Amino acid sequence: MIHHRWIGVLIAGMALSGVGAGAQESGSAASEIKMTAKKYEFDPSTVTVKQGQHVKLVITALDRDHGFELKAFHINQHLKKGVPTTVEFTADRPGTFPFKCSDFCGLGHSRMKGQLVVEAASPPAQPQ
Ligand SMILES: [Cu+2]
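All of the points below concern the structure found in this document. Since we're looking at a predicted model, the values are computed, not measured.

Basis of the calculations
- Residues numbered from 1 in each chain as written.
- Predicted model: local features only at pLDDT ≥ 70, side-chain atom pairs only at ≥ 80, totals over all residues.
- Pairing = 2+ DSSP bridges.
- Helix = DSSP H or I, 4+ residues; strand = E, 2+ residues; numbered from the N terminus.
- Axes fitted to C-alpha atoms, helices over the stretch in contact; angles between N-to-C directions.
- Core = buried A, V, L, I, M, F, W, Y, C linked by C-beta atoms within 7 Å.
- Buried ≥ 20, exposed ≤ 12 C-beta atoms within 10 Å, placed from the backbone.
- Contact = placed C-beta atoms within 7 Å.

### Remarks on the sheet that holds strand E1 (residues 31-38)
Here four strands make up an open sheet; going across it, the order is E2-E1-E4-E7 and the pairing mixed. The sheet is open, and its two edges are formed by strand E2 (41-43) and strand E7 (85-90), each paired on a single side. The mean inter-strand angle of the sheet, taken between neighbouring strand axes irrespective of direction, is 25°. Bridging between strand E4 (residues 54-61) and E7 involves six bridges; their strand directions are antiparallel. In the sheet register, Ile59 faces E7, and the bridge partner there is Thr85.

Shown next, in the form of structure tokens:
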């Protein structure tokens, strides 16, 4: 446990220094969402963002390698065990989009999935 945590911290540190400080400060839309993957679930399994939002998903596979496939946004990312992996995309359209594990990980693999909910940017037609 502790050992794995350390690896994660080290890699996260390297990733941060690699990206450089400037990007963080510009601040506008990028929202970072942390997620974990393990047999047989993503946590959280439902991710809600706003239309137009630039989404940064940082996913860490806990127990073995997994995969993250979000077809609607052409994402299929391998997740190496213990390594926080960043997946980036712009939620340019509203809707509910399924994602799933794309690396066969055992008997429950086919039910290892979740959904991305993109809320429409325009406010609802009927104010209260
Ligand atoms: Cu899996």
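Structure shown, so let's carry the discussion forward.
### Structural notes on the nonpolar core
One finds Met35, Ala37, Ile59, Phe68 and Leu79 to be the most contacted residues of the largest nonpolar core, which totals 17 residues. Those elements giving two or more residues to this core turn out to be E1, E4, strand E5 (66-70) and strand E9 (113-119). For this core, the leading source of residues is E4, giving four residues. Excluding anything up to four places from it in sequence, Ala37 contacts Phe42, Ile59, Ala61, Leu62, His66, Phe68, Leu79 and Cys101.

### Topic: the environment of Ser102
Position of Ser102 among the secondary structure elements: in the loop between strand E8 (95-100) and E9. Taking the number of C-beta atoms within 10 Å as the measure of exposure, Ser102 has 19 and is therefore partly exposed. Residues Ser102 and Gly67 lie 35 residues apart in sequence; the distance between their C-alpha atoms is 4.4 Å. With residues near it in sequence (within four places) discarded, Ser102 still touches Gly67, Phe68, Glu69 and Asn76.

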